[in-house]
Amino acid sequence: MMSRLAVAIPGIAVIVLALWLGGAVFGVFVLAVALVALREFYAITGTPRGLQGAGYATAVLAVALSLWVTPAERGLLTALGAGLVMAAIAALTRRPGEAVTTRVGLILMGGMYIALPAGVLVLTRDLPDGVGGVILVLVGVWVFDTASYLCGMAVGRTPIAPRISPNKTWEGFIGGVVVGTAGVWVAGLSMDWIAWWQSVVIGVVVCLSAYLGDLFESMIKRDLGVKDSGTILRGHGGVLDRFDSLFFASLTGYVLIVWMVL
């Protein structure tokens, strides 16, 4: 736990500062995370370097157009469309027999898995009361992750997905959802733009989607036979390992805020 905190506390401080400054600063931070996560994803999946550029360009466009195009949703959609076109062009430069279909699928998967959530985080920050919206998502992910870990260590007995992640238990999952939802509810009480019950709904869904994101990345690593996506975070794996939950949670958080609150 102490080593987890040694990595988490400085990281949280940087995220909160970038979120508070907003604009291009927040965009650059989100883009940096997305590019490193994409690099790790392409490394563990063995994606050829000649195809990776389309994925990186998609991430750059997703963040940049979400920042500077109005409405921002139009910019993000344009970025994803451009990513598809660039992946197709990259595929046409490869020789037949190089498993091009599979490899281009990885490029497009990287765009949907990493570039799309990066753009959505920028969209959320730019909403009315967007700082509060991102905070609710972050609180849900961070509290859920910590609570599920502690509950799993303390009382975890029943594996929830033994073939994917043997250390994850139902007890840890339930404890994480309860405590994570409570954390979002408490955070929402200080915000006058959201009702308490809306905070609860967002808390539950964010926790569930965070867990799905964590399991999804664990499944990918299990399938590829790797332990961590990278080594950049001093014994805690890579950036993708730390942000896998947030990528999924950012999508559901944005949708709920837009359709339920605003």
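Procedures and definitions
- Residues numbered from 1 in each chain as written.
- Predicted model: local features only at pLDDT ≥ 70, side-chain atom pairs only at ≥ 80, totals over all residues.
- Heavy atoms only, no water.
- Helix = DSSP H or I, 4+ residues; strand = E, 2+ residues; numbered from the N terminus.
- Buried < 20%, exposed > 50% of the residue type's maximum accessible area, 1.4 Å probe, protein only.
- Contact = heavy atoms within 4.5 Å.
- Axes fitted to C-alpha atoms, helices over the stretch in contact; angles between N-to-C directions.
- Parallel < 35°, antiparallel > 145°, perpendicular 65-115°, else oblique.
- Left-handed = near helix turned anticlockwise from the far one by under 90°.
- Nonpolar A, V, L, I, M, F, W, Y, C, P; charged D, E, K, R; others polar.
- 1 Å grid on protein atoms, 1.4 Å probe; cavity = no way out; pocket = protein on both sides within 12 Å on 5 of 7 lines; lining within 4 Å.
- Points joined across faces, edges and corners; volume = space filled by probe spheres on them.
- Core = buried A, V, L, I, M, F, W, Y, C linked by side-chain atoms within 4.5 Å.
- Polar contact = N/O pair within 3.5 Å; in protein donor to acceptor, adjacent residues only side chain to side chain.
- Salt bridge = Lys/Arg side-chain N within 4 Å of Asp/Glu carboxyl O.

Visitor: Help me understand the environment of Cys207 in this model?
Guide: Looking at where Cys207 falls in the secondary structure, it is placed in helix α8 (residues 196-224). Since its relative accessible area comes to 0%, Cys207 is described here as buried. Here the alpha-carbon distance between Cys207 and Thr252, two residues 45 residues apart in the chain, equals 9.9 Å. Excluding its chain neighbours within four sequence positions, the residues that come into contact with Cys207 are Gly140, Phe144, Gly176, Val177, Gly180 and Thr181.

Visitor: So what exactly am I meant to see when it comes to the packing of helix α3 (residues 49-68) against helix α5 (residues 100-125) here?
Guide: To describe two helices that pack against each other, one gives the angle between their axes and the distance between the axes. Axis separation between α3 and α5 bottoms out at 9 Å; the angle between their running directions is 20°. With respect to α5, the axis of α3 lies roughly parallel. The two elements α3 and α5 meet at a crossing, and its hand is right-handed. Taking contact as the criterion, the partners of Leu51, Gln52, Ala54, Gly55, Thr58, Ala59, Ala62, Val63, Ser66 and Leu67 in α3 are, on α5, Arg103, Val104, Ile107, Gly111, Ala115, Ala118, Gly119, Val122 and Leu123. For the contact of α3 with α5, the residue count by class is 12 nonpolar, six polar and one charged.

Visitor: Would you mind showing me how to read empty space enclosed by the protein here?
Guide: Once rolled over the atoms, a probe with the size of a water molecule shows which space is left empty. What the rule picks out here adds up to one cavity of 30 Å³ or more. Estimated volume of the largest cavity: approximately 110 Å³. Residue lining of the largest cavity: 13 residues in total, with Phe29, Val30, Leu121, Phe243 and Leu246 positioned closest to the centre. Contributions of two or more residues to the lining of the largest cavity are made by α2 (23-45), α5, α6 (130-155) and α9 (239-261). When residues of the lining of the largest cavity are assigned to their parent elements, the largest contribution, five residues, is made by α2. Classifying every residue of the lining of the largest cavity by side-chain character gives 13 nonpolar, no polar and no charged.

Visitor: Any chance you could explain the nonpolar core here in plain terms?
Guide: For soluble globular proteins, the rule of thumb is that nonpolar side chains tend to be buried together. If you look at the biggest cluster of nonpolar residues, it comprises 72 residues, and the most contacted ones within it are Phe41, Ile114 and Ile202. Looking at this core, the element that brings in the most residues is α5, giving 13 residues. Beyond its immediate sequence surroundings of up to four residues, Ile202 is in contact with Val184, Ile194, Leu256, Ile257, Met260 and Val261.

Visitor: I tried to follow the packing of α2 against α5 on my own but got confused; where do I start?
Guide: Running from N to C, α2 and α5 point in directions that differ by 165°, and their axes come no closer than 10 Å. Considering their axes alone, α2 and α5 lie roughly antiparallel with respect to each other. Relative to α5, the crossing made by α2 is right-handed. Listed contacts from α5 to Phe26, Gly27, Val30, Ala34, Ala37, Leu38, Phe41, Tyr42 and Thr45 of α2 are Leu106, Ile107, Met109, Gly110, Tyr113, Ile114, Ala118, Leu121, Val122 and Arg125. Partitioned by chemical class, the residues of the contact of α2 with α5 number 15 nonpolar, three polar and one charged.

Visitor: How should I be thinking about the side chain of Ser229 in this particular structure?
Guide: With respect to the helices, strands and loops of the structure, Ser229 is situated in the loop between α8 and α9. Residue classification places Ser229 among the buried positions, given a relative accessible area of 6%. For Ser229, the side chain forms a polar contact with the side chain of Glu40, separated by 3.0 Å.

Visitor: For this particular structure, what's the right way to read the pattern of salt bridges?
Guide: It is possible for side chains bearing opposite charge to pair when their charged atoms get close. Under the criterion given, the structure shown has four salt bridges. The salt bridge partner of Glu217 is Lys221, with a shortest N-O separation of 3.6 Å. Taken together, the residues span about one helical turn, with Glu217 and Lys221 both in helix α8 at a distance of four residues. The same class applies to Glu217 as to Lys221, namely buried.

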